[in-house]
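Geometric and topological summary
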Protein chains: 2
Amino acid sequence: MPQRAPARPGMSMDDVDTPALIVDLDAFERNLEQMARLARRAGVRLRPHAKTHKSPIIGLKQMALGAVGLCCQKVSEAEVLVHGGVTDVLVSNEVIGARKLDRLAALARQATIMVVADSEVGIDQLAAAAQRADVRLRVLVEINVGADRCGVAPGTDAVRIAMKIAGAPTLEFAGVQAYYGTAQHFRTADARRTAIAGAVQSTRLTVQMLSDAGLGCDVVCGAGTGTFELEAASGVYTEIQPGSYCFMDADYARNRADDGSPVSTFEHALFVHSTVMSAPVAERAILDAGHKAVAIDSGMPDVVGLSGAVYERPSDEHGTLNLVDCEMRPRLGDKVLLIPGHCDPTVNLHDWYVGVRGLNVNRVQGAKSYGAGGYSARASVESVWPVAARGALF
Amino acid sequence: MPQRAPARPGMSMDDVDTPALIVDLDAFERNLEQMARLARRAGVRLRPHAKTHKSPIIGLKQMALGAVGLCCQKVSEAEVLVHGGVTDVLVSNEVIGARKLDRLAALARQATIMVVADSEVGIDQLAAAAQRADVRLRVLVEINVGADRCGVAPGTDAVRIAMKIAGAPTLEFAGVQAYYGTAQHFRTADARRTAIAGAVQSTRLTVQMLSDAGLGCDVVCGAGTGTFELEAASGVYTEIQPGSYCFMDADYARNRADDGSPVSTFEHALFVHSTVMSAPVAERAILDAGHKAVAIDSGMPDVVGLSGAVYERPSDEHGTLNLVDCEMRPRLGDKVLLIPGHCDPTVNLHDWYVGVRGLNVNRVQGAKSYGAGGYSARASVESVWPVAARGALF
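Note that this is a predicted model, so its numbers are computed, not measured. (Residues numbered from 1 in each chain as written. Chains lettered and ligands numbered in written order. Predicted model: local features only at pLDDT ≥ 70, side-chain atom pairs only at ≥ 80, totals over all residues. Heavy atoms only, no water.)

**Brief notes about the nonpolar core**
Rule in force here: We define the nonpolar core as a collection of buried residues of types Ala, Val, Leu, Ile, Met, Phe, Trp, Tyr and Cys that are connected through side-chain atoms lying within 4.5 Å of one another. Note on classification: 1.4 Å probe, protein chains only; a residue is buried when its accessible area is under 20% of the maximum for its type, exposed when over 50%, partly exposed between these limits. Numbering of helices and strands starts at the N terminus; helices are DSSP runs of H or I of at least 4 residues and strands are runs of E of at least 2.
F28, L171, F247 and Y353 of chain B are the most contacted members of the largest nonpolar core, which totals 102 residues. Ranked by residues supplied to this core, first place goes to helix α1 (residues 25-42) of chain B with 7 residues. Of all hydrophobic cores here, the second largest spans 101 residues; its members include A105, V152, A178 and L306 of chain A.

**Comments concerning the pattern of salt bridges**
Just so we agree on the cut-off: A carboxyl oxygen of Asp or Glu within 4 Å of a side-chain nitrogen of Lys or Arg is what we treat as a salt bridge.
Tallied over the entire structure, the rule returns 62 salt bridges over all chains. A salt bridge links R254 of chain A to D251 of chain A; the nearest nitrogen and oxygen atoms lie 3.6 Å apart. A single salt-bridge network, built from bridges that share partners, covers R4, D17 and D288 of chain A together with E79, K100 and R103 of chain B.

**Regarding the sheet that holds strand β9 (residues 239-240) of chain A**
What holds strands together in a sheet is hydrogen bonding between their backbones, with the strands either parallel or antiparallel. All names here are of chain A. Put simply, the rule reads: Each pair of strands is called paired provided DSSP finds at least two bridges between the two strands. In what follows, residue pairs with any heavy atoms lying within 4.5 Å of each other are defined as contacts. To define axes, lines are fitted to C-alpha atoms, for helices over the stretch in contact only, and angles between the resulting N-to-C directions are given on a 0 to 180 degree scale.
Overall, parallel pairing links the 8 strands, which are arranged β2-β9-β8-β7-β6-β5-β4-β3 in an open sheet. Either end of the sheet is taken by a strand with one partner, and the two such strands are β2 (45-46) and β3 (70-72). Sheet topology places strand β6 (residues 137-142) next to strand β7 (residues 171-177); 6 bridges connect them, and they run parallel. When the bridges of β7 are listed, V141 appears paired with V176. Contacting β5 (112-117), β6 and β7, helix α5 (residues 120-133) runs over the sheet at an angle of about 140° to β7.

**Quick notes on the environment of A117 of chain A**
Residue and element names in this part refer to chain A. Looking at the element boundaries, A117 is found in strand β5. Residue A117 is classed as buried on the basis of its relative accessible area, which comes to 3%. Each C-alpha atom of the pair A117 and V152 lies 8.9 Å from the other, and the pair is 35 residues apart in sequence.

**Section: the packing of α5 of chain A against helix α6 (residues 156-167) of chain A**
Residues and elements named next belong to chain A. Quick note on the threshold: Throughout, the term roughly parallel applies to angles under 35 degrees, roughly antiparallel to angles over 145, roughly perpendicular to angles from 65 to 115, and oblique to all others. Handedness of a crossing is defined here by the sense of rotation of the near helix relative to the far one, left-handed for an anticlockwise turn of less than a right angle and right-handed for a clockwise turn. Under this grouping Gly is polar, as are all residues other than the nonpolar Ala, Val, Leu, Ile, Met, Phe, Trp, Tyr, Cys and Pro and the charged Asp, Glu, Lys and Arg.
Interhelical geometry of α5 versus α6 gives an angle of 15° and a closest axis separation of 10 Å. By the angle class used here, α5 and α6 are roughly parallel. The handedness of the crossing between α5 and α6 is right-handed. Side by side, α5 and α6 meet where E120, I123 and D124 of the first sit next to R160, I161, K164 and I165 of the second. The residue inventory of the contact of α5 with α6, partitioned by class, reads 3 nonpolar, no polar and 4 charged.

**Structural notes on the relation of the copies chain B and chain A**
The cut-off we apply is this: We place the copies in one frame by least squares, fitting the C-alpha atoms of every residue whose pLDDT is at least 70 in both.
Mapping chain B onto chain A leaves a residual RMSD of 0.0 Å; the transformation is a rotation of 180° accompanied by 0.0 Å of translation along its axis. Considering both components of the superposition, the chain copies are consistent with a two-fold axis. Taken as a fraction of all interface residues of chain B, those also at the interface in chain A reach 100%, which identifies the copy contact as same-surface.

**Concerning the packing of helix α3 (residues 75-83) of chain B against helix α4 (residues 98-107) of chain B**
Residue and element names in this part refer to chain B. Contact geometry for α3 and α4: axes closest at 10 Å, N-to-C directions at 25°. Comparing their axes, α4 and α3 come out roughly parallel. The way α3 lies across α4 gives a crossing that is left-handed. Across from V75, S76, A78, E79, V82 and H83 in α3, the residues of α4 making contact are K100, R103, L104 and L107. Among the residues forming the contact of α3 with α4, the class breakdown is 5 nonpolar, 2 polar and 3 charged.

**Some remarks on the interface of chain B and chain A**
Keep this limit in mind: Computed with a 1.4 Å rolling probe, the buried area is the accessible surface lost when two parts are put together, summed over both parts. Residues adjacent in sequence count toward polar contacts only when both atoms are side-chain atoms; beyond that, a polar contact is any pair of N or O atoms within 3.5 Å, and within protein one must be able to donate a hydrogen and the other to accept it.
Taken together, the 71 residues of chain B in the interface contact 72 residues of chain A. Summing both sides of the interface, chain B and chain A together bury roughly 5,800 Å²; the carbon and sulfur share of this comes to 52%. Linking chain B with chain A are 14 salt bridges, by the criterion used here. Note that D288 of chain B is salt-bridged to K100 of chain A, the shortest N-O span being 4.0 Å. Between chain B and chain A we count 42 residue pairs in polar contact (both at pLDDT 80 or more) in total. For the side of chain B that touches chain A, the secondary-structure elements that each account for two or more residues are α3, α4, α5 (120-133), β10 (270-281), β11 (284-287) and α9 (343-347) of chain B. No other element matches β10 of chain B, which puts 4 residues into the side of chain B that touches chain A. Among the residues forming the side of chain B that touches chain A, the class breakdown is 29 nonpolar, 17 polar and 25 charged.

**Let's talk about helix α6 (residues 156-167) of chain B**
Residues separated by three or four positions in an α-helix point in the same direction, a consequence of the helix having 3.6 residues per turn. All names here are of chain B. For clarity, the threshold we go by: The length a helix should cover is 1.5 Å for every residue beyond the first. Working definition: the arc comes from the directions between the helix axis and the C-beta atoms, pointing outward to the latter.
If you check α6, its first and last C-alpha atoms are 16 Å apart, about what 12 residues at 1.5 Å a residue would give, namely 16 Å. Among the residues of α6, A158, V159, I161, A162 and I165 are the ones counted as buried. The buried residues of α6 all sit within an arc of 165° when viewed along its axis, so they share a single face. In this structure, α6 carries T156 and G167 as exposed residues pointing more than 90 degrees from its buried face. In this fold, the buried residues of α6 make contact with β5 (112-117), α5, β6 (137-142), β7 (171-177) and α7 (189-212).

**A closer look at the pairing of strand β15 (residues 335-339) of chain A**
Consecutive side chains along a regular strand alternate between the two faces of the sheet. All names here are of chain A. Within β15, 5 of the 5 residues are buried, which leaves the element mostly enclosed by the surrounding structure. Residues K335, L337 and I339 point to one face of β15 and V336 and L338 to the other, with burial holding for every one of them. With 4 bridges connecting them, strand β10 (residues 270-281) and β15 associate as antiparallel partners. Counted as the bridge partner of H273 is L337 from β15. Relative to β15, strand β12 (residues 302-303) runs antiparallel, the two sharing 2 bridges. In the sheet register, D302 faces β15, and the bridge partner there is I339.

**Examining the side chain of T52 of chain B**
All names here are of chain B. Mapped onto the elements, T52 comes out in the loop between β2 (45-46) and α2 (56-64). On the basis of relative accessibility, which here comes to 1%, the residue T52 falls in the buried class. Within the structure, T52 has its side chain in polar contact with the backbone nitrogen of S244 (distance 3.5 Å). Once you skip the residues sitting within four places of it in the chain, T52 turns out to touch G243, S244, C246, F247, D344, V347 and Y353.

So this is what it looks like as structure tokens:
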């Protein structure tokens, strides 16, 4: 059930109740603008992934900057997006089962809907649902280009599936999805380049074979925040679907360029705000943010503004700050900002985004006019948005 | 925002949409009865922890079987419990900050409220909030008995904090909380016995020193599902506060008795129901349940009914079943039940409990009248309860 919001517009950042999900609106807006610019420059369409933010408000901001539509993973996410005013949605995931498919087909009367498929059974189910709803669904064949998750093999198998789609009267073959998720997190530039070169080769081959079979691809899509520049430059992909760039988590920030420097020019724009709720000994502070406030599947959160402080040993409602190597130790009641290791599942824990203007985080400890939290003393709440598709699981 | 429920009462288990949080009502009721019996036999009060289930409906069932009240970790959880009819709540956690404390004090007009403290600053804040609300708050001093999280040192420090509580006109000193969380998960009986023996010794010493200082302890509490029989038999603890026993997760089931056998007699009663949404090759099935449906902080979920199948490589919305060693491989569209590694953060991902009667899970593959999901073909939905305090973070 949705909980009350931890803040209201106009409030000072210090008064926001904790734990809370903070969006640095300045950094967030720069991230949106940068991705729109990069996609435009590369000549590819941008279809940001809403599984990261689960918010039609944020999605509409992305579309206002030129995105052609949004991606999501679940029918229930698509429902929230369409009901929030988004007019073009790709469910970038296989949908199995008549109950889900009837909901998907119903959405196709309200917005442009695409979905992916990787099996003949799945296509039969899609076609039947479209027929029941009297709609035509646009369908992409998903190919496995290295992630070894969903998707048929590139080449012959993909052509067989595509022919099946094209042959269904209630479906329209729209192209290929080729997403290599794990490659987003390969740390070296070389590993990412090699992985995506392989994905591009498989995709190019498949598109050519489809063309030989008389099937043109309106859409060739894939790519995420860690590799999108490679897919965008490939000449094969027509659409990229990055999600995390709007917030940037600590994990993506660990990717490196050829010279070993951080590769990403996107800024951290999402934080979990927390409070020191216990400080029983000098070397340890206990924060009020644990597993239920910040996801740790891609590593522990980084700590803003307290150099030497290490977040460790999270339990459900607590995180321990190890302060052994921290010079300016926070005191009981001090606020501490955390950069989540993984934004997507962290966002999914919260009911509200607290949008803050002038947050201006500073990771240098003790900088002038900064408190323990590492943010500007003038930071204030501008907006409180629902995480509208939080918990949209099916 | 709360999503629509994945089921309605009367529905067959096969028709429940996925992913969904399933309660095996038969096993769950046996777990509640067993813990009530064990506490009664040991002569200790039972105050189950609601951080596991976040549900006043479940809490009231526990109280109907003799529990004296409930524990929770957050003021917002206490609000949900009290608004749901629970009359006695211990916030078993430090509460810092005037906004939270004013809400806590307001609750003390509607129900019996206790809270723990481990600092003089915290006690000053508690006393001030109680004064503003014109209530008296019952307060326990929390001592650190090994977990090295919150809590003052046993002995002298604890007496100093207790005296501070007793000296505040708006507070009432009620006793000691001594909870050793990490010991719950020590795998050998010997390690758990040694850890809790130390906790009992520290607690006994502290209670004696408090008594010498003229402070009697009405409540001496702590203990969780992994060790409660030790604390209950100590003669020092008056209240135990286990949470997980109602559902039992895969992690607790890994605890062993002296002879190496599984120690717990509680049954798995919580499952995540999932569907095979892609099966591109014979050795791999992709489930529709990933990080956003099942928590992995205490290890991967176990798989019901498909011996040899291993859940691995979860991503946000997908889990991969490695089927290399699985004889009866599930097919596209088959349902698969997962036993979460850790119940508490898994429950916190879902808006609804789907209570099923006659689930009768069978972990033996291919048992008569069982489908791929490993549950009885006659299983049907009896109740759909909200996870009312899901997301209650502050």
